[in-house]
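Summary of structural features
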Amino acid sequence: MDDDSRVTRRRVGNAEARRANRRWWDADADDYQAEHGRFLGDLDFVWCPEGVREADVRLLGDLAGRRVLELGCGAAAAARWLATRGARPVALDLSAGMLRHAALAAGRTGVRVPLVQADALALPFADAAFDTACTAFGAVPFVADSAAVMREVFRVLRPGGRWVFSVTHPMRWIFLDDPGEGGLTAVHSYFDRSPYVEQDEAGDATYVEQHRTLGDRIRELVGAGFRLLDLVEPEWPEGHEGIWGQWSPLRGRLFPGTAIFVAEKPAHAGRTVSATSEAGRGFTLSR
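Since the model is a prediction, treat every value here as computed from it, not as a measurement. Numbering of residues begins from 1 in every chain and follows the order in which that chain's sequence is written. Side-chain atom pairs in this predicted model are given and counted only at pLDDT of 80 or more, local residue features only at pLDDT of at least 70, and totals for whole chains, interfaces and linings cover all residues. Side-chain measures here rest on the full set of heavy atoms in the structure, leaving out hydrogens and waters.

Ring geometry is summarised as follows: Phe, Tyr and Trp rings, the Trp one being its six-membered ring, pair when their centres sit within 6.5 Å, and such pairs are stacked at plane angles under 30 degrees, edge-to-face over 60 and tilted between the two. Under the defined criterion, the tally for this structure stands at 16 aromatic pairs. Where Tyr196 meets Tyr207, the ring centres are 6.2 Å apart and the plane angle is 75°; that geometry is what we call edge-to-face. Linking Tyr196 in strand 7 (residues 196–199) with Tyr207 in strand 8 (residues 205–209), this pair joins segments that are 11 residues apart in sequence. Counting every residue linked through ring pairs, the aromatic cluster contains Trp24, Trp25, Tyr32, Phe39, Phe142, Tyr196, Tyr207 and Trp244. Starting at the N terminus, helices and strands are each numbered in turn, a helix being any DSSP run of H or I of at least four residues and a strand any DSSP run of E of at least two.

Our next topic: the confidence of the model for the chain. Per-residue confidence from the predictor is reported as pLDDT, a score between 0 and 100. Put simply, the chain has an average pLDDT of 91, and 92% of its residues get 70 or more. By definition in these notes, contact holds between two residues if any of their heavy atoms fall within 4.5 Å. Predicted confidence is poor over residues 270–287, with pLDDT under 50, and the contacts of this stretch with residues over four places away or in other chains come to 27 contacts.

Along the chain, the position of Tyr190 falls in the loop between strand 6 (157–168) and strand 7. When the C-alpha positions of Tyr190 and Val167 are compared, they lie 15 Å apart, and in sequence the two are 23 residues distant. Apart from the residues within four sequence positions on either side, Tyr190 is in contact with Pro170, Met171, Ile174, His211, Thr213 and Leu214.

Take helix 3 (residues 77–84) next. Burial status follows relative accessibility: with a 1.4 Å probe on protein chains alone, a residue under 20% of its type maximum counts as buried, one over 50% as exposed, and anything between as partly exposed. Most of helix 3 sits out of view: 6 of its 8 residues are buried. Of the positions making up helix 3, those classed as buried are Ala77, Ala78, Ala79, Arg80, Trp81 and Leu82. On its buried side, helix 3 packs onto helix 1 (14–40), helix 2 (54–57), strand 2 (67–70), strand 3 (88–93), helix 4 (96–109) and strand 5 (130–136). Following helix 3 by one or two positions, Gly86 adopts a phi angle in the positive range, close to 90°.

A pair of strands is considered paired only if DSSP assigns at least 2 bridges between the two. Two strands pair when backbone bridges link them, and strand 5 and strand 6 are joined in this way by 6 bridges, in the parallel orientation. The partner of Ala136 across the bridge, within strand 6, is Ser166. Examined bridge by bridge, strand 6 and strand 10 (residues 258–264) share 7 bridges and lie antiparallel to one another. In the sheet register, Val164 faces strand 10, and the bridge partner there is Val262.

The subject of this paragraph is the sheet that holds strand 4 (residues 115–117). If you walk across this open sheet you meet the 7 strands as 4-3-2-5-6-10-9, and the pairing is mixed. Strands at the two margins of the open sheet, each flanked by one partner only, are strand 4 and strand 9 (227–232). Sheet twist, expressed as the mean angle between neighbouring strand axes with direction ignored, is 20°. Docked against the sheet, helix 6 (residues 214–224) engages strand 6, strand 9 and strand 10, running at close to 20° with respect to strand 10. Between N-to-C directions, angles cover 0 to 180 degrees, with each direction set by a line fitted to C-alpha atoms, over the stretch in contact for helices.

Here the focus is the sheet that holds strand 8. Overall, antiparallel pairing links the 3 strands, which are arranged 1-7-8 in an open sheet. Two strands in the sheet have a free side with no partner beyond their single neighbour: strand 1 (7–9) and strand 8. Taking each pair of neighbouring strands and ignoring which way they run, the sheet shows an average axis angle of 25°. Judged from the 4 bridges that link them, strand 7 and strand 8 form a sheet pairing that is antiparallel. Note on strand 8: the bridge partner recorded for Val197 is Val208.

Here it is in structure tokens:
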């Protein structure tokens, strides 16, 4: 446990994580947008605090006419940007507070996309409803069963569809969330998957974020049936002196802060078979 007795590492199920994070993001939506809204913009797709933009890297591939699902959309700046590129996006988030900001930004920009409040573990869409799915730091780190999110995304994607998501680089979990020198000393085991939990006086979770290793994420993708195309680890750009939470020039120049996974649902998705890794963890291999 960290110095604050209300911060701990413990197992949290999907139901408790859902309750905690929905309340957290509803309550924090105004402050989050006040702090980060300018960086994210109203009509932009920024993958990470390092400032990687979809306009430059084109990780999603062709967009014109594509049906795109943005999970954990927040204020939906990325979905609106996608609409300006000819895509047909749908923006989904668990938090009504964040979707309220999405509606406000739609009014400011005149770019409106469908907004859906739903859980990423139970996407309210038909099979093969989308050509592409994406999220920048949304949904994936906040659920206990992130492998189930991968399966749900696989279900709603058409064959040949692309799934791209960014998360905090798993290496960062070794260190404290400190943008200064205090965040340069390893204090946690990389292999400890216990979630980071903030809780109230009664011990009920108020914020939950899950940790998985790089290997875990790859096994989740492959287990769902995806083919991994790329793993992008953005370097800290020269001239970027901004600080975003625990992201900072000091840390960013030494080790990665973001991992972006680029995966594809095979055009002829076959059956899957179960297997077990040497470490004893279950995973699946696509045939």
